[in-house]
Amino acid sequence: MDSGELKHVVALALNVDDAEIGDDASMDTVEAWDSLRHLYVVMAVEEAFGVTFDDGEAVAITGLPLIRDGLERRGITFTS
Amino acid sequence: MDEQRGGVGIIGLGKFIPARALDNAEIEAQAGIEPGTIEKQTGITRRFLVDEGGSATEIAVAASRQALDAAGVDPKQIGLVLGCTFTPDYVFPALACDVHRTLGTTGAGAFDLMANCTAFQVGAMVASDRMLADPSIENALVIGTAIVSRHIRWDDPNSAIYFGDGAGAAVLGRVPPGYGFLAHEVSSQTRAYESVRLRRGTNENGERRAIEMNGMDVWKQVAQHQPGSVRRAVEKAGLTLRDVDFYIFHQANLHLITYLMSRLGARPERTYTNVERIGNTAEASIPIALTEAVEQKKIAHGDVVVLSGVGAGFTFGASVLRWYDPRVAASE
């Protein structure tokens, strides 16, 4: 899977342009990614990729690399 | 539940919401927040406050009278009055005792308990357990009462944006086997004990201390632990999440409720929210939301209903009940 798809899902949930979501995007680097918008990021990623994060993990995946790791642990591989 | 004697359920509900409205714009101006921020962050558009001369007893009694009327129960038939609040009029005696003398619940024992915003659910658990243990208690009155506005600094954007005042009450009574409360669950995660607090005394300026709140910690606690609390309660009831017809959550924040519904795999129409209109009314939020949901016929006889809350500390609670509507039952 192209990581651009993941970035697009995250960008939509945060209501920002895809360009704002870099490879290392996180709550620390994207202003719109606050604690409450994060809930929508989790819901959007779960729906888009058909996965369910554990409750604790859902709170912890506050950046693109962490989300990507979580998806890869569920068998979703990224080509770029 | 005693299969012979039946169970304990909610047989009457009432609420009181004060008349004085406080809109976001006023708070945003005082707290130096950009207009529109509160609604964006919380979904809340306004809240209602008790006037300066108003008391916790008055609003608790107003909600209680409505609940007693709805249940068709005389105050003298109440065997237990349980006040759920952290904002009573006095440090002691208990708010429940003042309600007791005002209503004339002469046959009841009365006391308060504190579990903050999940106190009503915990109170319902304690009351129903007492009723199951003591057959002489035919009815109990459980009241969630909050005058949080007296403990807010309106220039503090971390806490001022959420809270409103109100009261909600439920009369518990005997219901047929299979109805009423099926299971309760309470757990605590105390690592973030200091994250929402109201300390005694005055601050460095000699002002009475106000609620202090770390919103990020609240979010983490709720997102991490509240879904599990619901799942455990449902499992204790011998049911699955698919069996749940309706959820009533503590009305802390609209976004959190949306998230909880998503975690529980439930469609949005299977919950009721009023946080948009009245804000977070702390201990009163669950009974007020439940009262309105029943008034609007969103909950029907036989529905499996979950009440779920979280209070500072943090304490998580969930109760599962099969809704009993005596009017429908009588016509069956």
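See above for the structure.
Residues numbered from 1 in each chain as written. Chains lettered and ligands numbered in written order. Predicted model: local features only at pLDDT ≥ 70, side-chain atom pairs only at ≥ 80, totals over all residues.

Novice: Just checking my understanding: could you explain the nonpolar core for this structure?
Specialist: Side chains that are nonpolar tend, in soluble globular proteins, to be buried together. All names here are of chain B. With 131 residues, the main nonpolar core has Leu82, Ala140, Leu141, Val142, Ile143, Leu172 and Val306 as its most contacted residues. Taken domain by domain, this core gets at least three of its residues from each of domain 1 (7-175) and domain 2 (180-331). When neighbours within four sequence positions are excluded, Leu82 is seen to be in contact with Ala96, Phe111, Leu113, Gly123, Val126, Ala127, Ala140, Leu141, Val142 and Ile143. (Core = buried A, V, L, I, M, F, W, Y, C linked by C-beta atoms within 7 Å. Buried ≥ 20, exposed ≤ 12 C-beta atoms within 10 Å, placed from the backbone. Domains from an automatic or database assignment. Contact = placed C-beta atoms within 7 Å.)

Novice: Explain the packing of helix α1 (residues 3-14) of chain A against helix α2 (residues 35-49) of chain A here, please?
Specialist: Residue and element names in this part refer to chain A. Two elements in contact, α1 and α2, have axes separated by 8 Å at closest approach and are oriented at 140°. In terms of orientation, α1 and α2 fall into the oblique class. Where α1 crosses over α2, the two elements pack in a sense that is right-handed. Where α1 approaches α2, its residues Val9, Val10, Leu12, Ala13 and Leu14 are matched on the opposing element by Arg37, Tyr40, Val41, Ala44, Val45 and Ala48. Its residues assigned to classes, the contact of α1 with α2 comprises ten nonpolar, no polar and one charged. (Axes fitted to C-alpha atoms, helices over the stretch in contact; angles between N-to-C directions. Helix = DSSP H or I, 4+ residues; strand = E, 2+ residues; numbered from the N terminus. Parallel < 35°, antiparallel > 145°, perpendicular 65-115°, else oblique. Left-handed = near helix turned anticlockwise from the far one by under 90°. Nonpolar A, V, L, I, M, F, W, Y, C, P; charged D, E, K, R; others polar.)

Novice: Mind showing me how you'd approach the sheet that holds strand β6 (residues 139-146) of chain B here?
Specialist: Backbone hydrogen bonds hold the strands of a sheet together, and the pairing may be parallel or antiparallel. All names here are of chain B. With respect to topology, five strands assemble into an open sheet ordered β1-β7-β6-β4-β5, the strand pairing being mixed. Each edge of the open sheet carries a strand with a single partner, namely β1 (7-16) and β5 (109-113). This sheet shows a mean twist of 20° between the axes of neighbouring strands, independent of strand direction. Against the sheet, helix α5 (residues 119-133) touches β1, β4 (80-84), β5, β6 and β7 (166-175), its axis set at about 165° to β6. Set on the sheet, helix α9 (residues 285-295) makes contact with β1, β6 and β7; between it and β1 the angle comes to about 95°. (Pairing = 2+ DSSP bridges.)

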